Every structure is written in C-alpha cells, then in structure tokens.
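The primary structure of each chain is shown beneath.
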Amino acid sequence: MINITRIFSTLIALIGASGSLHADTITVCPDGTCDFASVDAAITAAADGDRIEIGSGVYESSENHDLEERSIEVVGVAEADEPTPRLQLTRNVGWYLGDLQYRIESVEFVGEVEGIPTHRLRLGESTLETDLRLQGCRFQGLRNGFIRVFTVDIDDCVFDNCFYDEYQSGFIYVRNASIEGCLFDSCVVGSGTSQGRFMIQALDFEAVDTIVRNCEFRYANNEWFRSYDAGSVVLRNCRFEENSSSYYGLVTIFGRVDALIEDCVFTGNHNAPGHA
C-alpha cells in the first residue's frame, strides 16, 4: 500500500531543503514609505533568495548579520538624478556569509570619521565556498579586513581612502578574485614595522581595466597585490600611477605561478632603492 503520509512528509522535507519557493523583494527608503527605513532591519528580515532594494539616502549601519544560510541580493535603486544610497558605518560591522551566492550592487559603504578610516566592514569570515559579486559600489574610509571568501567578482567599484594594517593577511583575502574596471585611490597598507600586509592576496587573480593611484604601501612586504605559491595571475590593461612602496614593489608574484602582465602602464611610482 502506498503510504500517502510518508510521501507528503518527504515532499515537504525536499521543499524545505531546496530553500524558498519564491524570492521576495524588500524595499528600503528613509522616509518610511517602503517596507523598512533601516537597511539593517531589512537584512535581518530577509529570507534566503530575497532581494533588498535600497532607495537614495543615508542609512546608519551598526549591526552584524548572520547570512550563512541565506543567499541575498542588496541593490541600490536610486534614480539617475539622485545620490547613490549610502551606508554610514557607526561601528565595526560584519556580514557573515556561507557557502552561497551573494550580490551587492550600486551601494556606498563609508567607514571614515572626519576623513580618517575608522570602521571595518567584514564580508565573509574565512575562505569558504562563498561566491560574492560586488558591482558599481563605493567603499570609502574602511579600515582593516574587508573580504574573506572563496570567490569574489568586483566590477566597476571604487576603493577610496581605505587603510589596512592587520598582520599577515590582506584587505581582500580570497582564493579566486576577478577585478574589472575598478579604482583604488589613496589607499594605505601598513603602519608599523611588521611584514606581510597586502591590499589583495589571492591564489588565482585577474585584473582588467583597473587603476591604482596615489596609494602607499609602507614597510617590508606590503603591496597592492601578492600571489600565493601557486595559481595564476593576469593583469591586463591596468594602470599604476603615483604610488609608493617601501620594499618589494606594487605587485609581487612568486613561486609556482603562471603570470601574464599585458598592456599595463606604470608611471610616477616610487619604490625603495634596490628593489624592482
């Protein structure tokens, strides 16, 4: 005899394991006419697969978010004549990501106080099987560890006045990184005498149409990018201008690494004497 109850229970379990049957769109705007007036509240309420649309405005952000079992999209939807929505960090903030896909688009994150990089935004917690996509975002005045995931795609983003001085790691610390059409402007790596700080550290890395300018890499082994002892590195049509490095240089590739540097421009950079 067919056990209808058992079949029904199995179907319910399968549906639960596969996630939500449909994704919702959650809206955020500062005047209270949307679902939420707070981005933090919207993220807390979001279910797996939901899309959060943020209208133009400035939003304070101070909460950590556990997203290990929720894949979400966070997208700015300002009109063409309106400012991009801005999340003003009022303390160190972490978005703890799981082995899922995440997308953040057209949002500004600001961590500086009176022009000084102060607060940290941490996306991910380790190099898990996380797939993170950042598009059209601006990250201004962030301090210390930013991305800790397995795979990240960063397109058309700006990193401005960011500061990193945590020991033996990178501001962006991943296994696979693709960066296209981005600008790193006036960022600083390292503030002490210890070695091993990097703006980007990755095993497999590709940068296209990316500009690094007016950045400072202080003390030994502090660079914009460093490879692991394996993998592949591609720098294509990138521009490095008016940067300074106190030791090895802007880009360090070593060990068993397949490297291609094509159509790149290095102009006005300064490196410590005796190092290429």
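Look up a bit, the structure's there.
Structure report, in brief.

Each value, and the rule that gives it
Residues numbered from 1 in each chain as written. Predicted model: local features only at pLDDT ≥ 70, side-chain atom pairs only at ≥ 80, totals over all residues. Heavy atoms only, no water. Helix = DSSP H or I, 4+ residues; strand = E, 2+ residues; numbered from the N terminus. Buried < 20%, exposed > 50% of the residue type's maximum accessible area, 1.4 Å probe, protein only. Contact = heavy atoms within 4.5 Å. Pairing = 2+ DSSP bridges. Salt bridge = Lys/Arg side-chain N within 4 Å of Asp/Glu carboxyl O. Axes fitted to C-alpha atoms, helices over the stretch in contact; angles between N-to-C directions. Core = buried A, V, L, I, M, F, W, Y, C linked by side-chain atoms within 4.5 Å. Phe/Tyr/Trp six-rings, centres within 6.5 Å; stacked < 30°, edge-to-face > 60°.

This part takes up the environment of Ala-37. Summarising the element assignment, Ala-37 is placed in the loop between β1 (25-28) and α2 (39-45). Residue classification places Ala-37 among the partly exposed residues on the basis of a relative accessible area of 43%. For the pair Ala-37 and Gly-55, spaced 18 residues apart in the sequence, the C-alpha separation amounts to 9.7 Å. If sequence neighbours within four positions are ignored, Ala-37 has contacts with Val-28, Cys-29, Pro-30, Gly-32 and Tyr-59.

Further remarks concern the sheet that holds strand β30 (residues 244-245). With respect to topology, five strands assemble into an open sheet ordered β18-β22-β26-β30-β34, the strand pairing being parallel. Edge positions in the sheet fall to β18 (163-164) and β34 (270-271), since each of these pairs with one other strand and no more. Strand direction decides the pairing type here: strand β26 (residues 216-217) and β30, joined by two bridges, are parallel. By the bridge assignment for β30, Phe-217 is matched with Ser-245.

In this structure the tally under the stated criterion is 14 salt bridges. Between Arg-226 and Glu-223 there is a salt bridge; the shortest N-O distance is 3.2 Å. Take Arg-226: its relative accessible area is 11%, and that puts it in the buried class. Connected through salt bridges with shared partners, the residues Arg-51, Glu-53, Glu-73, Arg-103 and Glu-105 form a single ionic network.

With that out of the way, let us pick up the sheet that holds strand β17 (residues 158-160). The strand order β3-β6-β9-β14-β17-β21-β25-β29-β33 describes an open sheet built from nine strands, whose pairing is parallel. Where the open sheet ends on each side, the last strands, each with one partner, are β3 (58-61) and β33 (265-267). Sheet twist, expressed as the average angle between the axes of neighbouring strands with direction ignored, equals 10 degrees. As paired elements, strand β6 (residues 86-89) and strand β9 (residues 108-110) share three bridges and run parallel to each other. Looking at β9, one finds that Leu-87 is bridged to Phe-109.

The biggest cluster of nonpolar side chains holds 64 residues, and the ones touching the most others in it are Trp-95, Phe-146, Ile-147, Phe-159, Phe-205 and Trp-224. Apart from residues no more than four positions distant in its own chain, Trp-95 is found in contact with Ile-43, His-65, Leu-67, Val-74, Leu-87, Ile-104, Phe-109, Leu-121, Arg-122, Leu-123 and Gly-124.

Applying the stated criterion across every chain yields a total of 14 aromatic pairs. Relative to Trp-224, the ring of Phe-205 has its centre 6.0 Å away and its plane inclined at 70 degrees; by these criteria the two rings are edge-to-face. Taken together, the positions of Phe-205 in strand β24 (residues 204-208) and Trp-224 in strand β27 (residues 223-227) put the pair 19 residues apart, joining distant regions of the chain. Trp-224 carries the same exposure label as Phe-205, and that label is buried. For the pair Phe-240 and Phe-266, a centre-to-centre distance of 4.8 Å together with 0 degrees between the ring planes defines the contact as stacked. With a gap of 26 residues between them, Phe-240 in strand β29 (residues 239-241) and Phe-266 in strand β33 connect regions that are remote in the sequence. When its relative accessible area of 47% is taken as the criterion, Phe-266 is described as partly exposed.

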